[in-house]
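Close look at the chain arrangement
Residue strings, one per chain:
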Amino acid sequence: TRTPVTVTVTGAAGQIGYALLFRIASGHLLGEGVPVRLRLLEIPQAVKAAEGTAMELDDCAFPLLSGIDIFDDAGKAFEGANVALLVGARPRTKGMERGDLLEANGGIFKPQGEAINAGAADDIKVLVVGNPANTNALIAQQHAPDVPAERFTAMTRLDHNRALAQLSKKAGVSVSDIRRMTIWGNHSATQYPDIFHAEIAGKNAAETVNDQNWLENDFIPTVAKRGAAIIEARGASSAASAASAAIDHVHTWVNGTADGDWTSMAVVSDGSYGVAEGLISSFPVTAKDGKWEIVQGLEIDDFSRARIDASVAELSEERDAVRKLGLI
Ligand code: NAI
């Protein structure tokens, strides 16, 4: 039998947590046959609710689930973690300025970064889901100086999957016929879903669709504003799709991308494509043997350049704002 992989999940009693934990425990995060041990982190008021979820996890009798522990202390929750899913965050409430939002989240992601630095396993992989995800990931990463920076990532896989779904509908093909989709930049309304490098059944997607009006006025805004459309329709923010994307993100990171394909992940920039070094920005990435790499050498035309630059400018502003607040 294999040694269980320790997975820490924050915000375990939240709505994404409720959709996410059952898929982790049933073996979908890491792959078939890999046992997992869960460590759940919640704020004290939500520990009881997390215990309720843990009771249901027990009741599923998942063969791969080898234990669940619940904490309200980050230092304990990240002890020995091989994978950390940082889902819990402070949502924007009415009347809250962006600075207040960044500050409140700094109060969460700084101590969590420190706890990861102090206690996580040497092979720790971190995915930040809680918004503003890219900048929260940057804050955590900056407070974990002993962990290689490339182990901190933020989630744009939901945007990537939304883009696949929209393109598959437009082209009348299955999502599995589409390869090389890319989300660039911030997980926010400025993100840029790029189909100029995507392929449908091996042919260039933008040329196949050949509809610039749809691309500019339908596809890009639909993907970028999908979160708001879900809230409008469902009366609650995306949860199961976000959880599913988190599963996809980690599964791809650990198990690799298919030959000839890539995925989208927000990762620390090495300066590729003119994205300032150190920002955690979404790129096309391949993964192999548990390591990601930014896809190199793609041609970026003026249309794409302007959109990538706008989203990256927003990330720079967020970084400046958290610097000013002394959070990094
Ligand atoms: P939720 O409000 O239902 O759950 C959040 C949970 O986090 C709550 O149970 C809360 O008690 C907990 N929490 C708060 N502070 C914590 C801390 N310091 N430590 C541990 N737990 C803490 O929210 P939901 O719907 O589950 O969403 C979670 C986050 O994911 C939000 O920030 C949301 O904006 C973000 N999100 C990100 C997406 C992405 O694509 N990157 C997609 C959808 C949501």
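A quick note: this is a predicted structure, and the numbers were derived from the prediction, not measured.

If you tally the helices and strands in the protein, you get 11 helices and 14 strands. The C-alpha atoms of the protein give a radius of gyration of 19 Å, which matches the 20 Å a tight globule of 328 residues would have. Principal-axis analysis of the C-alpha atoms gives the protein an extent of 50 × 45 × 40 Å. Within the protein, buried positions represent 45% of all 328 residues. Taking as baseline every contact in the protein between residues at least 6 positions apart, the subset at least 24 positions apart corresponds to 73%.

The next thing to look at is the site of the ligand. Around the ligand, a shell composed of 27 residues is seen, among which Gly11, Gly14, Ile16, Gly88 and Ala89 lie nearest. Of the residues forming the shell around the ligand, the biggest block, 3 residues, is contributed by helix H1 (residues 15–25). Its residues assigned to classes, the shell around the ligand comprises 15 nonpolar, 11 polar and 1 charged. For the shell around the ligand, the two domains that each supply at least three residues are domain 1 (5–154) and domain 2 (157–317).

The topology assignment puts leucine 298 in the loop between strand E14 (291–294) and helix H11 (302–324). Using a count of 17 C-beta atoms within 10 Å as the deciding quantity, one classes leucine 298 as partly exposed. Sequence separation between leucine 298 and lysine 203 is 95 residues; the distance between their C-alpha atoms is 16 Å. Not counting residues within four places of it along the chain, the set of residues in contact with leucine 298 comprises His197 and Pro284.

The sites that UniProt annotates as "domain: Lactate/malate dehydrogenase N-terminal" (unreviewed entry) are residues 6–147. When the span residues 6–147 is considered, its composition is 42% helix and 18% strand, and the gap between its end C-alpha atoms is 17 Å.

Now for the sheet that holds strand E11 (residues 203–204). Each strand in a sheet pairs with its neighbour through backbone hydrogen bonds, running either in the same direction (parallel) or in the opposite one (antiparallel). Reading across from one edge, E7-E10-E11 is the order of the 3 strands in this open sheet, with antiparallel pairing throughout. Strands at the two margins of the open sheet, each flanked by one partner only, are strand E7 (178–179) and E11. Of the strand pairs in this sheet, strand E10 (residues 199–200) and E11 are connected by 2 bridges, and their pairing is antiparallel. Note that in E11 the partner of glutamate 199 across the bridge is asparagine 204.

Time to look at the domain arrangement of the protein. According to the domain assignment, the protein contains domain 1 (5–154) and domain 2 (157–317). For domain 1 versus domain 2, the distance between C-alpha centres works out to 23 Å. Of all the secondary-structure elements, those providing two or more residues to the side of domain 1 that touches domain 2 are H1, strand E4 (83–86), strand E5 (125–128), helix H5 (133–142) and strand E6 (152–154). Among the residues forming the side of domain 1 that touches domain 2, the class breakdown is 16 nonpolar, 6 polar and 3 charged.

The side-chain alternation of E14 yields one buried face, formed by Trp292 and Ile294, and one unburied face, formed by Lys291 and Glu293. Sheet analysis places strand E13 (residues 280–288) next to E14, joined by 4 bridges and oriented antiparallel. The partner of threonine 286 across the bridge, within E14, is glutamate 293. Count of turn residues in the E13/E14 antiparallel hairpin: 2 residues, of which aspartate 289 carries a positive phi of about 50°.

A few words on the nonpolar core. Across soluble globular proteins, you tend to see nonpolar side chains buried next to one another. Counting residues in hydrophobic clusters, the biggest one holds 92 residues, and the most contacted among them are Ala84, Leu85, Val128, Val129, Ala140, Met155 and Ala246. When residues in this core are grouped by element, the largest group, 7 residues, is from helix H10 (residues 240–255). A domain split of this core shows at least three residues from each of domain 1 (5–154) and domain 2 (157–317). If we ignore the near neighbours within four places in the chain, the residues touching alanine 140 are Leu86, Phe109, Gln112, Gly113, Ile116, Val126, Val128 and Phe152.

This part takes up the UniProt feature "domain: Lactate/malate dehydrogenase C-terminal" (unreviewed entry) in the protein. Per the UniProt annotation, the sites labelled "domain: Lactate/malate dehydrogenase C-terminal" (unreviewed entry) are residues 156–321. Across residues 156–321 one finds 47% helix and 19% strand; the C-alpha atoms that close the span lie 22 Å apart.

Now for helix H2 (residues 47–59). Between the first and last C-alpha of H2 there are 18 Å, a value that for 13 residues agrees with the 18 Å anticipated at 1.5 Å per step. A positive phi of about 50° marks alanine 61, the residue just after H2.

So, how was this worked out
- Residues numbered from 1 in each chain as written.
- Predicted model: local features only at pLDDT ≥ 70, side-chain atom pairs only at ≥ 80, totals over all residues.
- Helix = DSSP H or I, 4+ residues; strand = E, 2+ residues; numbered from the N terminus.
- Rg over C-alpha atoms; globule rule 2.2 N^0.38 Å.
- Buried ≥ 20, exposed ≤ 12 C-beta atoms within 10 Å, placed from the backbone.
- Contact = placed C-beta atoms within 7 Å.
- Near = placed C-beta within 6 Å.
- Nonpolar A, V, L, I, M, F, W, Y, C, P; charged D, E, K, R; others polar.
- Domains from an automatic or database assignment.
- UniProt positions renumbered as here; feature names shortened; annotations may be inferred.
- Pairing = 2+ DSSP bridges.
- Core = buried A, V, L, I, M, F, W, Y, C linked by C-beta atoms within 7 Å.
- Expected span 1.5 Å × (residues − 1).

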